[in-house]
Every structure is written in structure tokens, then in C-alpha cells.
Protein chains: 2
Amino acid sequence: MSTDVEIAQAHTLEPITDIAARAGIPEDALITYGPTKAKVDISKIPGEASGKLILVTGISPTPAGEGKSTVLIGLSDAMRLIGKESIVAIREPSLGPVMGIKGGAAGGGYSQIVPMEEINLHFTGDFHAITSATNTLAALVDNHVQQGNELGIDVRSITWQRCMDVNDRSLREIVTGLGGKAHGTPTETGFTITAASEIMAILCLASDLDDLRERISRIVVAQNFEGEPVTVADLKVEGALTALMRDAINPNLVQTLGGTPAFVHGGPFANIAHGCNSLIATRTALKLGEVVLTEAGFGSDLGAEKFFDIKSRVGGLTVNGAVVVATVRSLKYNGGVAKDQLTSENFEALTKGVANLEAHVRNVRQFGVTPIVALNRFASDTDEEIAWMKKWAQEFGVELVPVEVWAKGGEGAIDLAKAVMANLREDSTQLYDPSLGIEASIETIATNVYSAGRIHYSWKAEKDLKYLKENGWDTLPVCISKTQYSFSDEPSQLGAAEGHTLHVRKLLPRIGSGFIVALTGDVMTMPGLPKKPAALGIDVEDGMINGLF
Amino acid sequence: MSTDVEIAQAHTLEPITDIAARAGIPEDALITYGPTKAKVDISKIPGEASGKLILVTGISPTPAGEGKSTVLIGLSDAMRLIGKESIVAIREPSLGPVMGIKGGAAGGGYSQIVPMEEINLHFTGDFHAITSATNTLAALVDNHVQQGNELGIDVRSITWQRCMDVNDRSLREIVTGLGGKAHGTPTETGFTITAASEIMAILCLASDLDDLRERISRIVVAQNFEGEPVTVADLKVEGALTALMRDAINPNLVQTLGGTPAFVHGGPFANIAHGCNSLIATRTALKLGEVVLTEAGFGSDLGAEKFFDIKSRVGGLTVNGAVVVATVRSLKYNGGVAKDQLTSENFEALTKGVANLEAHVRNVRQFGVTPIVALNRFASDTDEEIAWMKKWAQEFGVELVPVEVWAKGGEGAIDLAKAVMANLREDSTQLYDPSLGIEASIETIATNVYSAGRIHYSWKAEKDLKYLKENGWDTLPVCISKTQYSFSDEPSQLGAAEGHTLHVRKLLPRIGSGFIVALTGDVMTMPGLPKKPAALGIDVEDGMINGLF
């Protein structure tokens, strides 16, 4: 069997100018990066965002793999096959997981976006621009202190962290500024991964360059000796940071193997950030396409909840349809089967594990959308298992459509495309009202989406809450950081955990993003590398990159 | 008077496809990054490197500014005006100084390379690729230790540092891996600026992608518990790091305001690294152009020495001519005049300061090249001062040509272009024979180029020397890190310091680069930001970037 990268490299890509023409993008709006990638100058795309928006989400992820992006990409190509002008709007991969556990993220098999090696490596430099702006700001904060500290920044209260697009656990907790007076002030700090940085969130929520500049100016970097917030505007460096982001704000255009135009732009993780591609890309796609296929990270508890409650709220978006991706293997894993035994039939485990899928379907319905379950078929799935799933769907009352997108591309998702188009709605909603306060918002999500029984605030989180209230920030939406593996904050609680306690560890003001981050459990904003990093298998031969998969 | 960025933005750029055609670059070798930038696939440029290579260097830099790049760019346009097919091959600017003290580096006035804002910000992402590869390697080293440490890496001996393209003094000395077992091992380490990283040096000295991969595999990252070197090849990650560098290795093509094709590729600093643009770009330019104008950082003691002794040695280059750039203001500063009094005539200071120029001219001559002095005229220079300089040149026995490149572009350097073409030679040389050992190499440079009286090795440097000898690395060329402001290692010793002591602090094996770095004085491989960083003046208005100068 060919690997993803082999399939992608064997494919002849269309010139990006042709893809742009197919999407209706005017020639003068296209800034090409080589023959098959481009940025699109959004100021040159007129029109209303009138397309239909379909959100693809999934069950709780497992090591078995669900293929959410693969289904989305196959579905987009299937839409074109049934005569719908579809456009993809998804996130950019992060180099951290590419070198770590995933080795790439751009769909799979015959449902991929290409050029996959370039998308998976530096792409058009958006992540690097964010890293650069984030770390330039950190240097400017420390330099302000070093050069007289006019604003009276209390070094012990600097909350602005550096970032890096690398999985590097050693950078989670560090001390900087050692070595004496000439080298800064010793400071306890750390790095997050770029995907979890505030500037990433800002890129993904800004409506244009002016809004981005405005949001950057609102970023809180520290407190002064009076305990008052110090912002980027106080430091007067929003202009320089915006300059570093000027090109990154334009969405990137590539193509699927089926020739569907694909915007791939912005890449916050959904466990430790808000998990949605850029609002700018989604809006641009909605101006250009009849149907826009988008996704949000991990399950409905993470990306989808944030898509409705954060992104759609900020952007005034309506979600017209949703797909929940599941696999028989993943449901068995959620039912307690070990990773190496997922190919054997096990209806007991399936019965237990399907509770996870039920919870995700119920979650999506809470936002006013009727989801369709896409059952992503693997070669090892038996006909009996598929039949069992169909029976389950009928009893549970949800439409289930098997797809074979890895092997067949768009042809493998035509039924799904038809089902999605037959189920469009116009009335998606948000779950909570932020004006009732952040505790109420967290409670609503924890109870209704996570099925938690109670919420515990740490001593630190209680202190954070006080600071938020003092500054009037407690009525901002909340972005909960939680493990993706469980509805609870404990990764080992698979299936459909209920009645658990959600442990809120810290509440971090992200005033530029316009939300408050709630860290729960022991979720970490800087991942680590596994024992055998994917980097070990990556190589270059005759200029071609191998080992991405 | 217009600023540099205003002049650059008022200029109508030619399409990069036209510039490429002018340079004789085949269409299929061009990978465009927007309409005015491109990378060039070097595998598609046939031919011999038969052009004439002109090295532009300068006197010891001062806050008064010498305009070395400005003269180089003006000279390249002047060459075209006198009918020579010139090509520029220079370094890429670093974001650290752009946000710090310089606010941009792409020439000035009517002698600039454009698009200057893009060249000065992320450009085509080469620096980010280097940062990314460097930090990915650091994470892989730490992860190896964390996941069982098969190679027996002694954490106390990890020499691989992370890097960042930011001036951030707080990152010079840090402790990583705090917070307990799950977060790595506490390690004393630090960041260098990207321009001083080993992967930057490798990019600039590699002959092609295979050579780059080979050099990366030789990088020494640490010692094991037996004190033996641990390399990237031992970690088996050279393939992944090369993949991250695959696109960066292709040189970037832009244009001067006069329409001369300009390769801008690689950017090591000359004080804390080897200070020359990439060998690949220089060779490609020599294949395409009749005359190639290149530069090396700071004065002849730093970049030029390394251009001859490191880059030309590795690449088998002959330097056919050289220009030493000087200004009356800078010579007065070198003669002891304060920065705010440089516009007044002061022949006493000029007499004293011109000794600096004399030393640089003598240095270049040691490499078998006859330099021409380009006197870069400022509006404040008086006719008497210019006359004085001409008289000095006659007495000293060097050809001096005044230029007015800031205000007049190529027209202001026609005499210089003619003088350069009339003085071509074919026999540039290296100064020392590395096989005699690194102590002999350092002594030769210190005595002949720096006019030092003696050399002092620190206790640490003596230990380093022992390690180098044990591993057979002491016969590699040396790359001396030294302040740019003085021939000595003490920045305040202006003019033509003589008889001083060169303090060698550390000797660092850079086996991938193929040289040994000697740190002298208190030179630091991570700069800091000044009291009023240039970032304060940078902004974006209607998508245009202001405040770069």
C-alpha cells in the first residue's frame, strides 16, 4: 500500500492560478509562493459571505485514528462531484507534531491537500511570523525592564511567554536572565507551543489587519508594581508586531487531490487553544464557495464547542450543517480494547464505546445543528460491524453514512455529500451568555458538554478570578484547555465520562484574543516528543522529502 | 529629505521574472514568492562560475555609518551603466537588528535593494528555517536524554544551543528543564541569535543539499559520559533537519533600484560568525554575471578575513578585486571625535582616524588583492576634507574614488566602477595554513590582521584546546569572534590599535561548519536591544510598513 506522501508526490498538481480561477479569485489578489501555493489578498475579494458552512468534528480521538481531516477533504471533493462549488477552510499543521507523533497532517490516502510536504513544513511562514512576533514582544518587555522600567513592570508578574513551533518539554519551565546585570533580570517563565500562543488566536479571530493591530495592542503582558495590567499599547510596540504579521494575515490557498480549492490558514490546537482555522479564511471561503467545509480540533467538547461559542460569536457565523466522524476501531478503543486488538470484532466493546459517539452527537445538537455521523471505513471493519453501527444509528435517531475516502477520495463520500446537502439548517446558536460571568460560562460548558458533576477551582484559579473581576474581564467568553482524550480532565477516562469533577487550575486573561483561558487538569501548553519521534523517519532524497505520513 | 523606505516604496519594481531573465535564469528555475521575490533552483543553473568577484569591505564601523551596502549596491548599478553585466550577492538582514538598532539593512537612498520591507522582515523564511532546525535539534537532544539516553549524553556537556532571530539578552544564560521529572532535566544553556548559529554557517558554506545534509550529520551536540563527542548522525536526525532546510538552500533573487539582479542569501554576522553570504548564491551569481559584487560583514579584520580564509578556501573562490568603504565622518569618529560633532571640520582627528583606513587597506593587500578606497560622500563633507583625503591617498599609495551613491544611485559610482574594472587581479590567497594547528592560525590572524602583541588563552580555552586536539579538530580553520569596533578585543580602542593582547575565552568546535569558533574579549553571541528599540518606530498603515530606515 502506498503511503500518504507517496500518493501525494505521485499526483500531478494543477497550477495554483487555475485553482484560484476555479474559486473565482481575481488574478490580482493572488500572491503565489511557488507554482502550487499562494496567499490571497483579502482586500481584493469582494462580495457577501453567502456560502453554506459545514463543520466537521469527531469523536474523542484515540491512537487508532479517526481520519477527520481525511473525511473533510474527501467530502469536499464529493461535493464537487455532485455539482456543488465546494471550498475547504482548515487549519495549518504545526511542526511540533510533524516532528513528534504525527509526521504530518493534511488528510490521507486519496483525500489529501497538496503539496503535503510543504504544507507540513514551513508552508508560507505563518507560524514563523507568529513565533517571531511573540518572541520579539518578550524581548521588548524584558528590555523595557532592563532599560529603566518606566512602566514599573513587576518582573515577578510577567505573564507573556515566549513560544516555539517545536515539541520541547524542556522549555515548559525555565529561568531566563541569569549571568548578571548585563543579561537581564532572573525570571521564572516558559515557552508554549506556537499553536497555543495568543498571537495565533488573534490571527485566527481578527477580521482584518486593523483589527489585528487593535487586538495586539490590547494584549496584557504583565502587571506593574501596583498590580495593574501592562499592555502592548503601554509599550507602544503594536505597530512593529503588526508589521511582523502583515503577510501572515492573508489566507493560504492550496488544493485537494480532487482539485477543490483549499484555504489552510491559522492553526491553534483545540485542547490548549481555541482550535479553529482563521475567521478571515472562513469568511473568504464563504464569499467564494457554495459550500464551505471546515473543521475544529479533536471532538465536539473541544474544537466544536469553541467553534460555536468563540469563533462563530466573534465572526457572526451560522453553521449550516455538521458531520461527526467516527470509526469502528476508535469506538472499540473507547470501549476499552487495547490498541493492538482493534482489528478483531468486539461487539461488547463497541456497545460500550458508542456512548462516546452518542455524547458527541448530543453535544452538536445543543448548538442547533443536526449532525450526520460519517463512519470512516477501515479495511479491517467487518460487514457485521458496519451493520451493527447502522442499527445503532437507527435506534439512536441519527443519520449515519459510511465513507471510504482514504482509498476512493471524493467518490467514497458522495452519499455523505448528498446527506449533508439534504440537512442544511440556518439557526446555529451559542451555548452560554458570557455576560453572566465566567464561572457561569464554565459551569454551562462543564455540565452540558463535558457532563461534569462539579467544578473545582484551585487556590491559584480563585486568585486569578479575583484579578479578572477587578479588571472587568470576567464577562469575556471562556476557552477551556482540557485533554482531548476524555470528556473529563483525566485522559484515561474514555467512553462517555459523567459526573466527574473539572479541575480549573488557572485562569489566564487573553485580552487580545478576547477570551479567558481556563487551564484544567494537568493539560500542558507545550507538548513533548515521544520515545521514537517522527523526525527519525524523515529524510530528503533527490530533493524529495520522505517519511511524512 | 525622503527616508529609505519612502524612496523604496515610491519606486516601481520590475517583475521578478524580468529580473531573472536579465540575469539569464531559465524560467523553470524560478520559484516566485509574490511578484518581486523568488528563489532560484540551483540545480537548474548550468555553466561555470566564470564572473569576476569583487569584495566590498569597510573600515571599522562607527555610529556615524559608513554605507558599505549602499556603496556596493550603487556600484552594481554603476557597472550596468558602464556596460558590465553585474550581479549582487549579499547577506540577508536579521530581524534582531531590524527591531533593535538598525531598523533595516538593504542599502540606502537611491542605492537599495527592494522590496526592502519584505527583505527586512521575514523575506522567504530562510532565517526561520534555520531557527526551526536548530531548535528542533535541541528538543531532540533533550528528548533523547529524557527517553532513556541510549547514547549516554552527559547533560552537563550539551553544547548545542537554541537560537532565535531576536535581540534578547535575557536568553543568553538560562536554565531549562525545571518543574520535575516530566519536564526534562535541569540544564544550564542559552540562545544565540540565529545569525550566529551553526546551521546558518552550514547553509552559507554548503555546496548543495547533499553537502548540507552531510555537514548537518557532523554537528557535535554534546559529549557522552566518556567525554566523546555525540553528533547529529548518532541521533539519526540529519534527514529531518535537512528536510527543514530543503527550500532555504535555494538563493533568493530580488533587484536593486537600478534593476540589477541581486542574490540575497544567508546572513551570518561577521563579529560572532563568519560573516559572508552563501557560497551557493555567490557561485550562482558567478555563473550568471560578468561582475559579482559581494560583501563581508564589518571591517577587513572580521568579514573580509573570513571571506578569504574560510569562504574562499571552502569554495575555491578567487577574489578579483576589493573596495574598502570609508567616510570622512567615520574616520573623524575613529580619530576621537564625539558622535554629535562629526559635521565640523577636524583635520587633527582625520589625521589620527585615517590610521584605521590604512590598516584595513594593508589587511586586504595581505590577501593578494589591490583594494580601492571608496570615499562615501555625505552632504556635510567639505571640499577641503575631500581634498585632504585625496592627498592622503596619494601619499599612502592607494587609489581613492569619491562616490555619491545615496543621492545619485549608480550614477554616483561610475568612476568607482571604472577603477574597479581597471584593477582586476587573479591571485587572491589565504593567510594561514590550518594544518599548522589552531594556535598558529590564531596567532597569524592576531598578529597580521589585528596587530596584536600577544595572545592570552583563558583556562577554559586551554581545556577546549585539549578537547580539540584529542579529536583531531585543531587543524580546522578558525572563525574568530571579536568586537567589530576595534582591531583589538576591546571595543573602545578605536583607530589602529597595536600591540594589544587578544584574549581567547573559549574555543568551540563547529564540525558541521568545518571551523573552530574562538570567542575573544567579552563578545556575545546574543545581542540585546537598545534603550529606544527601532521597533518603537515601526508601524503599518493601509498595509504599508513605515519606520524601517
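Thresholds applied
Residues numbered from 1 in each chain as written. Chains lettered and ligands numbered in written order. Predicted model: local features only at pLDDT ≥ 70, side-chain atom pairs only at ≥ 80, totals over all residues. Heavy atoms only, no water. UniProt positions renumbered as here; feature names shortened; annotations may be inferred. Helix = DSSP H or I, 4+ residues; strand = E, 2+ residues; numbered from the N terminus. Rg over C-alpha atoms; globule rule 2.2 N^0.38 Å. Buried < 20%, exposed > 50% of the residue type's maximum accessible area, 1.4 Å probe, protein only. Contact = heavy atoms within 4.5 Å. Areas by Shrake-Rupley, 256 points an atom, 1.4 Å probe, with all protein chains shown as cover. Lys, Arg positive; Asp, Glu negative; His and termini not counted. Charge placed at Lys NZ, Arg CZ, Asp CG, Glu CD. Pairing = 2+ DSSP bridges. 1 Å grid on protein atoms, 1.4 Å probe; cavity = no way out; pocket = protein on both sides within 12 Å on 5 of 7 lines; lining within 4 Å. Points joined across faces, edges and corners; volume = space filled by probe spheres on them. Nonpolar A, V, L, I, M, F, W, Y, C, P; charged D, E, K, R; others polar. Axes fitted to C-alpha atoms, helices over the stretch in contact; angles between N-to-C directions. Buried area = accessible area lost by both parts, 1.4 Å probe. Salt bridge = Lys/Arg side-chain N within 4 Å of Asp/Glu carboxyl O. Polar contact = N/O pair within 3.5 Å; in protein donor to acceptor, adjacent residues only side chain to side chain. Least-squares fit on C-alpha atoms with pLDDT ≥ 70 in both. Domains from an automatic or database assignment. Parallel < 35°, antiparallel > 145°, perpendicular 65-115°, else oblique. Left-handed = near helix turned anticlockwise from the far one by under 90°. Phe/Tyr/Trp six-rings, centres within 6.5 Å; stacked < 30°, edge-to-face > 60°.

Naming follows an unreviewed UniProt entry, where chain A appears as Formate--tetrahydrofolate ligase of Corynebacterium vitaeruminis DSM 20294. According to the UniProt record, the Catalytic activity (unreviewed entry) comment for chain A is "(6S)-5,6,7,8-tetrahydrofolate + formate + ATP = (6R)-10-formyltetrahydrofolate + ADP + phosphate". Looking at the Sequence similarities (unreviewed entry) heading of the UniProt record, one finds this comment for chain A: "Belongs to the formate--tetrahydrofolate ligase family."

Moving on, we get to the overall build of chain A. Within chain A one finds 19 helices and 24 strands. Taking 549 residues into account, the globule formula puts the C-alpha radius of gyration at 24 Å, and chain A, at 23 Å, falls close to it. Over its C-alpha atoms, taken along the principal directions, chain A stretches across nearly 70 × 55 × 45 Å. Within chain A, buried positions represent 64% of all 549 residues. Residue pairs at least 24 apart in sequence account for 75% of intrachain contacts in chain A once pairs closer than 6 positions are excluded. By element, 49% of the accessible surface of chain A is carried by carbon and sulfur atoms, the whole surface being about 18,500 Å². Charge separation in chain A, taken as the distance between the mean sites of 48 positive and 66 negative side-chain charges, equals 3 Å.

We now examine the UniProt feature "binding site: ATP" (unreviewed entry) in chain A. All names here are of chain A. UniProt's entry tags Thr62, Pro63, Ala64, Gly65, Glu66, Gly67, Lys68 and Ser69 with the feature "binding site: ATP" (unreviewed entry), counted in the numbering of this structure. Mapped onto the fold, proline 63 is located in the loop between β3 (52-58) and α3 (68-81). Locating alanine 64 in the fold gives a position in the loop between β3 and α3. Relative accessible area serves as the criterion here: at 8%, alanine 64 is assigned to the buried category. Once you skip the residues sitting within four places of it in the chain, alanine 64 turns out to touch Arg329, Ser330, Leu342 and Phe378.

The next thing to look at is the pairing of strand β13 (residues 252-256) of chain A. Residue and element names in this part refer to chain A. Within β13, five of the five residues are buried, leaving the element largely enclosed by the surrounding structure. Sheet topology note: the strand β2 (residues 38-40)/β13 ladder contains two bridges and is antiparallel. Residue pairing in the sheet places alanine 38 in a bridge with leucine 253 of β13. Of the pairings in the sheet, the one linking strand β6 (residues 111-114) to β13 comprises two bridges and is antiparallel in character. Within the sheet, the bridge partner assigned to valine 114 lies in β13 and is glutamine 255. In the sheet, β13 pairs with strand β14 (residues 261-264) via three bridges, with the strands oriented antiparallel. Pairing of glutamine 255 across the sheet is with proline 261, part of β14. Where β13 folds back onto β14 in an antiparallel hairpin, the turn is made up of four residues, including glycine 259, whose phi is positive at roughly 85 degrees.

Now for empty space enclosed by the protein. All chains considered together, the criterion is met by twelve cavities of 30 Å³ or more. Along the wall of the largest cavity there are 38 residues; nearest its centre are Thr124 and Gly125 of chain A together with Phe123, Thr124 and Gly125 of chain B. Broken down by secondary-structure element, the contributors of at least two residues to the lining of the largest cavity are α5 (116-120), α6 (126-146) and α10 (238-245) of chain A together with α5 (116-120), α6 (126-146) and α10 (238-245) of chain B. Class assignment for the residues of the lining of the largest cavity results in 16 nonpolar, eight polar and 14 charged. If you add up the space inside the second largest cavity, you get close to 180 Å³. Mapped onto the lining of the second largest cavity, the elements with two or more residues apiece are α6 of chain A together with α6 of chain B.

Residues and elements named next belong to chain B. A sheet is described by the order of its strands in space; here four strands give the open sequence β19-β21-β22-β20, paired in mixed fashion. Only two strands of the sheet have a single neighbouring strand rather than two, namely β19 (454-457) and β20 (478-481). The average undirected angle you get between the axes of adjacent strands in this sheet is 35 degrees. Two elements, strand β21 (residues 501-510) and strand β22 (residues 515-520), share six bridges in a ladder whose sense is antiparallel. Paired with lysine 506 across the bridge in β22 is leucine 519. Across the sheet, helix α19 (residues 459-470) touches β19, β21 and β22, and the angle it forms with β21 is around 40 degrees.

In this assembly, 65 residues from chain A lie in contact with 65 residues from chain B. Between chain A and chain B the total buried area reaches about 5,500 Å² when both faces are included, carbon and sulfur atoms providing 60% of it. The tally of links between chain A and chain B comes to six salt bridges. For arginine 213 of chain B, the salt bridge is made with aspartate 539 of chain A, and the minimal N-O distance between the two is 2.7 Å. Between chain A and chain B we count 32 residue pairs in polar contact (both at pLDDT 80 or more) in total. Ranked by residues supplied to the side of chain A that touches chain B, first place goes to α6 of chain A with ten residues. The class makeup of the residues in the side of chain A that touches chain B is 32 nonpolar, 20 polar and 13 charged.

This brings us to the relation of the copies chain A and chain B. Rotating chain A by 180 degrees and moving it 0.0 Å along the rotation axis overlays it on chain B with an RMSD of 0.0 Å. The superposition of one copy onto the other is thereby described by a two-fold rotation axis. In terms of C-alpha distance to the rotation axis, chain A has tyrosine 33 of chain A as its closest residue, with the C-alpha 2.2 Å off the axis. Of the residues that chain A buries at the interface, 100% are likewise interface residues in chain B, meaning the two copies contact each other through the same surface.

A few words now on the pattern of salt bridges. Here the structure, examined in full by the defined rule, presents 50 salt bridges over all chains. The residue arginine 22 of chain A makes a salt bridge to glutamate 14 of chain A at a minimum N-O spacing of 2.6 Å. Where salt bridges share partners, they join Lys37 and Glu118 of chain A together with Arg246 and Asp247 of chain B into one cluster.

Attention shifts here to the domain arrangement of chain A. Residues and elements named next belong to chain A. Partitioning chain A into structural domains gives domain 1 (4-125 + 248-421), domain 2 (126-245) and domain 3 (436-520). Here the C-alpha centre of domain 3 lies 27 Å away from the C-alpha centre of domain 1. Taken together, the contact pairs 23 residues of domain 1 with 19 residues of domain 3. Taking both sides of the interface into account, the surface hidden between domain 1 and domain 3 amounts to around 1,700 Å²; carbon and sulfur atoms contribute 61%.

Further remarks concern the packing of helix α11 (residues 279-288) of chain B against helix α12 (residues 300-315) of chain B. Residue and element names in this part refer to chain B. Relative orientation of the contacting elements α11 and α12 amounts to 60 degrees, with a least axis distance of 11 Å. Comparing the axis directions of α11 and α12 gives the class oblique. Where α11 crosses over α12, the handedness of that crossing is right-handed. Of α12, the residues touching α11 (which contributes Leu279, Thr282 and Arg283) are Lys311, Val314 and Gly315. Residue classes in the contact of α11 with α12 are distributed as two nonpolar, two polar and two charged.

Enumeration over the complete set of coordinates arrives at nine aromatic pairs over all chains. When the centroid spacing of 5.6 Å and the interplanar angle of 55 degrees are considered together, the rings of tyrosine 33 of chain A and tyrosine 33 of chain B count as tilted. On the criterion of chain membership, the pair formed by tyrosine 33 of chain A in the loop between β1 (30-32) and β2 and tyrosine 33 of chain B in the loop between β1 (30-32) and β2 (38-40) is interchain, its members lying in two chains. Taken as a pair, tyrosine 33 of chain A and tyrosine 33 of chain B share a single burial class, namely buried. Note on phenylalanine 308 of chain B and phenylalanine 367 of chain B: the rings are 4.4 Å apart at their centroids and 5 degrees apart in plane angle, and the pair reads as stacked. With phenylalanine 308 of chain B in helix α12 and phenylalanine 367 of chain B in the loop between α14 (347-366) and β17 (371-376), this residue pair connects regions lying 59 residues apart in the sequence.

Right, let's talk about the sheet that holds strand β20 (residues 478-481) of chain A for a bit. Residues and elements named next belong to chain A. Pairing is mixed across the open sheet formed by four strands, whose spatial order is β19-β21-β22-β20. Every other strand in the sheet has two partners, leaving β19 (452-457) and β20 as the edge strands with one partner each. Ignoring strand direction, the axes of neighbouring strands in this sheet form an average angle of 35 degrees. Bridge analysis of β20 against strand β22 (residues 515-520) gives four bridges, and the strand direction is parallel. Among the inter-strand pairings, cysteine 479 is bridged to a residue of β22, identified as valine 517.

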